[in-house]
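These are the residues of each chain, in order.
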Amino acid sequence: MDIDTRLLRYFVAVAEEGHLTRAAQRLYVSQPALTKQIKQLENQLGVALFTRSRTGMTLTEPGRVFAEHAPELLAGWDRMLRATKSDASRAGKVLRVGFIASAANEFTPAIVAAFRRAHPDWRVDMRQVGWTDPSAGLADGDVDAALVRLPFPGDDRFRARELFTEPRWLALPADHPLAASPEIEFREIWDEPFVASPPENGWWRDFWIGADARPASTAVIGAIARNTDEWLTAIANGFGLSFTPASSARYYPRPGIVYRPVRGIGPSRVAVAWPASAETPPLVSDFIHCCVEVCGAGQDR
């Protein structure tokens, strides 16, 4: 019998969370889609893996047996997949680095240049990832390292080195009543609609609508965006406001949108992250060193 590893990952998430909604958020999928996949797995196996109730999902006896072996099988598959992809990149002398949006901001070219000076025969392949994968490719083993925004779902599966912090500013339509304010108090916008990433992003999405610093009941979603273009369009059209790194004011100037500092909310943390393997490959270690050195020198200026 052949079973898609994706179904195994879905099963493990539900088994560990004991709840469909929390598992769906962890996996960045909708709850109906997750329910369908679990049912598909049960049909393939010919056994019921869960007992469903209002309080959650409880493993059946066959489900408990399956849960004992599935994580080990997935871990072995992940190790094999990462090793295969990493070997291919090493053979081609390519370091794969994932990032979301502006990555490490103006530091990114200097980081790449520093790595190239240390390894002139290697190429750095910068891979931009959409908002639906806050791990920037790490979760799927598609990159050797990633420039990420902490926290992100599943970050406990990886190692990370914080590089710098950046204030969370507000992006809002130019005709908004608060657009002329030099600085905005967070409580002033609690009842405003926000442009957010998909709900499957869980608490990573919550962080970027400020739900970590206010009652959850005050968060109103005006539009969903899956990438920067959708995000800018939604704000310019007046569908909502959005928190964003302060550097967005430099990277994404656009008619109809203004960026303002916000009082009463903490910053975003930028980090370099990499797989939590037993031993970090020397080339990845060198890239991490370049990130730390470049960002440290830039912050000191």
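Here is a short report on the structure shown in this document.

How each quantity is defined
- Residues numbered from 1 in each chain as written.
- Predicted model: local features only at pLDDT ≥ 70, side-chain atom pairs only at ≥ 80, totals over all residues.
- Heavy atoms only, no water.
- Helix = DSSP H or I, 4+ residues; strand = E, 2+ residues; numbered from the N terminus.
- Rg over C-alpha atoms; globule rule 2.2 N^0.38 Å.
- Contact = heavy atoms within 4.5 Å.
- Areas by Shrake-Rupley, 256 points an atom, 1.4 Å probe, with all protein chains shown as cover.
- Lys, Arg positive; Asp, Glu negative; His and termini not counted.
- Charge placed at Lys NZ, Arg CZ, Asp CG, Glu CD.
- Core = buried A, V, L, I, M, F, W, Y, C linked by side-chain atoms within 4.5 Å.
- Buried < 20%, exposed > 50% of the residue type's maximum accessible area, 1.4 Å probe, protein only.
- Pairing = 2+ DSSP bridges.
- Right-handed = clockwise from strand over helix to strand, strands pointing away.
- Phe/Tyr/Trp six-rings, centres within 6.5 Å; stacked < 30°, edge-to-face > 60°.
- Axes fitted to C-alpha atoms, helices over the stretch in contact; angles between N-to-C directions.
- Arc of directions from axis to C-beta.
- Parallel < 35°, antiparallel > 145°, perpendicular 65-115°, else oblique.
- Left-handed = near helix turned anticlockwise from the far one by under 90°.
- Nonpolar A, V, L, I, M, F, W, Y, C, P; charged D, E, K, R; others polar.

1. Concerning the overall build of the chain
Counting secondary structure elements, the chain contains 9 helices and 14 strands. Scaling as 2.2 N^0.38, a compact globule of 301 residues should have a C-alpha radius of gyration of about 19 Å, and the chain matches this with 21 Å. Seen through its principal axes, the chain has C-alpha atoms that stretch 60 × 55 × 25 Å. Residue pairs at least 24 apart in sequence account for 74% of intrachain contacts in the chain once pairs closer than 6 positions are excluded. As displayed, the chain has an accessible area near 14800 Å², and 53% of this comes from carbon and sulfur atoms. Charge-centre separation for the chain: the mean point of 34 positive side chains lies 1 Å from the mean point of 36 negative side chains.

2. Digging into the nonpolar core
Generally speaking, soluble globular proteins have nonpolar side chains that are buried together. With 43 residues, the main nonpolar core has Val148, Leu170, Leu172, Ile189, Trp231 and Phe243 as its most contacted residues. Of all the elements in the fold, those that place two or more residues in this core are strand 5 (145-150), strand 7 (168-173), strand 9 (193-196), helix 6 (203-208), helix 7 (228-236), strand 12 (257-260) and strand 14 (268-275). At 4 residues, helix 7 tops the list of elements feeding residues into this core. Aside from chain neighbours lying at most four places away, what touches Val148 is Pro134, Ser135, Ala136, Arg269, Val270, Ala271 and Ala273. Within the second largest apolar cluster, 26 residues are counted, among which are Ala114, Val270, Ile288 and Val294.

3. Points about the pairing of strand 3 (residues 94-99)
A large share of strand 3 lies buried, amounting to 6 of its 6 residues. Judged by which residues are buried, strand 3 turns out to be covered on both faces: Val94, Arg96 and Gly98 on one side and Leu95, Val97 and Phe99 on the other are all buried. In terms of strand pairing, strand 3 meets strand 4 (residues 123-128) through 6 bridges, oriented parallel. The residue of strand 4 that forms the bridge with Val94 is Arg123. Since strand 3 and strand 4 lie parallel, the crossover through helix 5 (residues 107-118) that links them has a hand, and here it is right-handed.

4. So, the packing of aromatic side chains
Remark: the centre distance and the inter-plane angle together describe each pair of aromatic rings, the angle taken between the planes. Here the structure, examined in full by the defined rule, presents 10 aromatic pairs. Pairing Phe115 with Phe287 gives two aromatic rings, centres 6.1 Å apart and planes at 70 degrees, and the pair type is edge-to-face. Separated by 172 residues along the polypeptide, Phe115 in helix 5 and Phe287 in helix 9 (residues 282-300) bring together distant segments of the chain. Arranged with centres 5.2 Å apart and planes meeting at 85 degrees, the rings of Phe207 and Trp208 form a pair that is edge-to-face. Classification of Phe207 by relative accessible area gives buried; the value is 9%.

5. Focus: the side chain of Ser247
Along the chain, the position of Ser247 falls in the loop between strand 11 (242-245) and helix 8 (248-251). Residues within four places of Ser247 in sequence aside, it is in contact with Ser102, Asn105, Arg149 and Glu166.

6. Considerations on the sheet that holds strand 11
Reading across from one edge, 11-7-12 is the order of the 3 strands in this open sheet, with antiparallel pairing throughout. Edge positions in the sheet fall to strand 11 and strand 12, since each of these pairs with one other strand and no more. The average undirected angle you get between the axes of adjacent strands in this sheet is 40 degrees. Sheet topology note: the strand 7/strand 12 ladder contains 4 bridges and is antiparallel. Each residue of the ladder has a partner; that of Ala171, found in strand 12, is Tyr259. In this fold helix 7 packs onto strand 7, strand 11 and strand 12, with an angle of close to 100 degrees to the strand it touches most, strand 12.

7. Focus: helix 2 (residues 20-27)
If you check which residues of helix 2 are buried, you get Leu20, Ala23, Ala24 and Leu27. Looking straight down helix 2, one finds its buried side chains confined to an arc of 100 degrees; they lie on one side. For helix 2, the secondary structure elements touched by its buried residues are helix 1 (5-17), helix 3 (31-45) and strand 2 (56-59).

8. A closer look at the packing of helix 1 against helix 2
Between helix 1 and helix 2, the shortest axis-to-axis distance is 8 Å and the interhelical angle comes to 130 degrees. Considered as vectors, helix 1 and helix 2 are oriented oblique to each other. In the packing of helix 1 onto helix 2, the handedness of the crossing is right-handed. Residue-level contacts link Arg9, Tyr10, Ala13, Val14, Glu16 and Glu17 of helix 1 to Leu20, Arg22, Ala23, Arg26 and Leu27 of helix 2. Taken together, the residues of the contact of helix 1 with helix 2 break down into 6 nonpolar, no polar and 5 charged.

9. Regarding the sheet that holds strand 4
A sheet is described by the order of its strands in space; here 5 strands give the open sequence 4-3-5-14-6, paired in mixed fashion. Of all the strands in the sheet, just strand 4 and strand 6 (158-166) have a single pairing partner and so form its edges. Neighbour-to-neighbour, the strand axes of the sheet open up by a mean angle of 25 degrees, direction not taken into account. One ladder, built from 3 bridges, connects strand 3 with strand 5; its direction is parallel. Across the sheet, Phe99 pairs through a bridge with Leu147, a residue of strand 5. The strands touched by helix 5 within the sheet are strand 3, strand 4, strand 5 and strand 6, with strand 4 carrying the most contacts at an inclination of about 150 degrees.

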